[in-house]
Structures are given as structure tokens and as C-alpha cells.
Amino acid sequence: MSKKIENLDLKSIVLPGVDEKRPLVIAGPCSAETEEQVMTTANALAAVGVKIFRAGIWKPRTRPGGFEGVGAPGLKWLKRVKEETGMYVATEVATRDHVFEALKAGVDVLWIGARTAVNPFAMQDVADALSGVDIPVLIKNPVNPDLELWIGAIQRVYGAGIRRIAVIHRGFSSYDKKLYRNLPLWHIPIELRRRIPNLPIICDPSHIGGKRELIAPLSQQAMDLNFDGLIIESHCSPDEAWSDAAQQITPDVLDYVLSLLVIRDATQTTENLSALRRQIDGVDEQLLELLAKRMRISREIGVYKKEHNMPILQSPRYGEILENRAKAGAAMELNPDFVQAILKNIHEESVRQQMIVMNQGENAAES
């Protein structure tokens, strides 16, 4: 297990006049398209109490030919949003020129996208441009599920002297698009919080879900996991949006989604949980003992296979185990996919143990 990083010397990302209670909400269209669209959306969001307006000025697209943002001219529209609504404004930066242009226009919050976070050279370039700046910087997870790469991006920005840092969990790219646009893989941001406990985490349900109907349940999941905020794409006319139309919602729908959120008290005493947690600890010890016993048996099987010149992998047997155990788990109200995932890991370790047994004599003969 990777060691916990010492708490970074971070400052609050909450701006003056913004409520510190969860969730911190950042909302606005995927892209700034026209001045009218920006102002109409911003005024509607301000009317429902949103304090931070987001809009993409530069839009990195997967394939050429799509709308890639209006560029620097759109920064004037964000400046107008600030002047006329009193909202703070946020946008994505991917190059040092983006940083300089955004700062010159008075943008209050910057975020670094997933395609930039995945590239250490690009991250360092942006970090260098941020040197000496005191502004909240939000770092999205890399497109691929690589926690160390995400932490590296954080450290580069921190190394540039930025102390108001948070991360955005926007999910991870996958060929599997059955439900989510980007798989949430919640265990990765959870592990990030274990590694850097004082780092704020903001959820991006728009990009995780890819569909507006998933925004509400994903937002609630994020709150139940004690995330600090939400960044949600909101457009005055979502179906007519020039980019990512399916995952945007109107300001009124956003207000309704936020009103339904249940925010659980993270500061409540956990004394009443102590007895149950002790039971969990005891069960975990039993699980480890059983796993150790199973591996001892696996090693004995390895000895038998070696003595009888049998291959380690017995495919029919492995398939039967997965199928039968998944059915048995379902009867015990366990998710079959969960059971199979555990068994696959156990089987992988069992094969490793048997390979050690198989190779022991051969290694001795070679030496």
C-alpha cells in the first residue's frame, strides 16, 4: 500500500461571499458559444443562487472538426458575467498562453482538464505559467485510471507555489459505455483522499454520466462519499448546445437537483459505530486467515501438479469456480460481479503461489 502523503500546506479554495457548506457548486455551459447564450445562462444561474459560473473557452475535442471553443474573445463575455451578476467565473486552461489570457481577463478560478493532466510535459508547462499566482486551481483526473499520474499533476501545481488546490473527479475513459460516459471508479478518488487527506474533491457528474438523467444520482453518490463540491454543466437551452448537449441541464433543473441532495453530517460522533467497526475488524482478520489457508492449499496443489507433470492452469475448473461461486454469492445477496472480481484476484494469487512451487527446483538446478 502506498504511503499517505503528508498534508500539503493548502489554503481554502472557497472565495469570499461563497458559502463554505457542502456542496460548493460550480455551474455553467460546457462551452461559451455566444455572448447571448453566456449571459442568459449566467443570469438564470445567479437567480437560483449559484456563485461560480463555469464555461469552456478553449475546448479540446477528441476528433478535429468539432466545436473547439470561441477562444480568447469569449473571455470578454466572462468579464461581463462578473460585472453584471457578481458571480465568480471559471474556465479550463491547457497551455501557458491560456493561463496568461485567462488571468489577464480576470478569471477567478482555473481548472486543468483530463487530457492535460495525463501529460506531465503539458502539466509542467501550465504549472510554470501559474508560478507566483494566487488563484484556486482545480485539477481533473487524467483520462486513464492512474492515481500516481493524478498525484503527480497535483504536485507540479503545488511545486509552482499554488496553495489553493482542489481536484475534480470526472471519471475515467473506457470502451465500456453501457451506462457511464466515463467510469466513476470511486475507489480512486477515495484512495486519493487517503493519500492527501486535506485536498478538496469536487465531482463532475456531467462528464461521468454523459446523460442529464444521471446527474442527480451521481451528485448524491458524491455527497455520500463526503466530496466537497460539484461542477455541473448547465445551459439555457441544453438540446441546442454546440458541445455535449446530452449531459447539460437547465438552471431550473440544476436548482431542483441541488434541492434534492441529502447532505449527511460528516462531523457527527462515530462512538456508536465502534462496536460494529470492531466486528468488521474481527471479520477482516478471519478473512485474512482463510485466504492464507487457501494459499497453503494452493501450494500443496502446486506440489501435486509438479510431481505429476501437470500444467498450473486448469481452465474448465477455473470457469466452474467463477460460475458456481457467483451463483452462491447471489443467493447470499452479494453482487455476482463483486464475487467474480474477488475470485479472479484470489485465483491470480493462487497461480502465483503455484508458480513459485513449480520453479523452486528448477531455480536450484540452474544455480
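The coordinates are above.
This one's a predicted model, so the numbers in the text were calculated from it and none came from an experiment. (Residues numbered from 1 in each chain as written. Predicted model: local features only at pLDDT ≥ 70, side-chain atom pairs only at ≥ 80, totals over all residues. Heavy atoms only, no water.)

With that out of the way, let us pick up the nonpolar core. Counting 67 residues, the largest nonpolar core has F53, I139, W150, I154, I165 and L192 as the members making the most contacts within it. Sorting elements by how many residues they give to this core places helix α6 (residues 147-159) first, with seven residues. Counting 15 residues, the second largest nonpolar core, distinct from the first, contains V18, A90, L138 and I168. (Core = buried A, V, L, I, M, F, W, Y, C linked by side-chain atoms within 4.5 Å. Buried < 20%, exposed > 50% of the residue type's maximum accessible area, 1.4 Å probe, protein only. Helix = DSSP H or I, 4+ residues; strand = E, 2+ residues; numbered from the N terminus.)

Attention now goes to the pattern of salt bridges. Summed over all chains, the structure comprises 16 salt bridges. Here D125 ties to R96 by a salt bridge, and the two come within 2.8 Å at their closest N and O atoms. A residue pair is termed long-range when its members are at least 10 positions apart, and D125 in helix α5 (residues 120-130) and R96 in helix α3 (residues 96-104) qualify at 29 residues. Judged by its relative accessible area of 30%, R96 is partly exposed. Here K327 makes a salt bridge to E323, at a shortest N to O gap of 3.4 Å. (Salt bridge = Lys/Arg side-chain N within 4 Å of Asp/Glu carboxyl O.)

What follows covers the pairing of strand β5 (residues 137-140). Here β5 shows a buried face lined by V137 and I139 and a second buried face lined by L138 and K140. Relative to β5, strand β4 (residues 109-112) runs parallel, the two sharing three bridges. By the bridge assignment for β5, L110 is matched with V137. In this structure, β5 lies alongside strand β6 (residues 165-169), joined through four bridges in parallel fashion. Considered in β6, the bridge of L138 is made with A166. (Pairing = 2+ DSSP bridges.)

Mapped onto the elements of the fold, R325 is located in helix α12 (residues 315-331). The class for R325 is partly exposed, based on a relative accessible area of 38%. Sequence-distant contacts of R325, defined by excluding residues within four places in its chain, comprise V339 and L343. (Contact = heavy atoms within 4.5 Å.)

A cis geometry characterises the amide bond from R22 onward to P23, with omega recorded as -10 degrees. Mapped onto the secondary structure, P23 falls in the segment before β1 (24-28). Even without a glycine there, the phi angle at N226 is positive, about 65 degrees. In this structure, N226 sits in the loop between α9 (215-224) and β8 (229-233). Classification of N226 as partly exposed rests on a relative accessible area of 32%.

Right, let's talk about the packing of α5 against α6 for a bit. Where α5 meets α6, the axes come as close as 9 Å, and the angle between the chain directions of the two elements is 20 degrees. Taken together, the axes of α5 and α6 lie roughly parallel to each other. Of the two elements, α5 crosses α6, and the hand of that crossing is right-handed. Between α5 and α6, the contacting residues are P120, M123, Q124 and A127 on the first element and L149, A153, R156 and V157 on the second. Grouping the constituent residues of the contact of α5 with α6 by class yields six nonpolar, one polar and one charged. (Axes fitted to C-alpha atoms, helices over the stretch in contact; angles between N-to-C directions. Parallel < 35°, antiparallel > 145°, perpendicular 65-115°, else oblique. Left-handed = near helix turned anticlockwise from the far one by under 90°. Nonpolar A, V, L, I, M, F, W, Y, C, P; charged D, E, K, R; others polar.)

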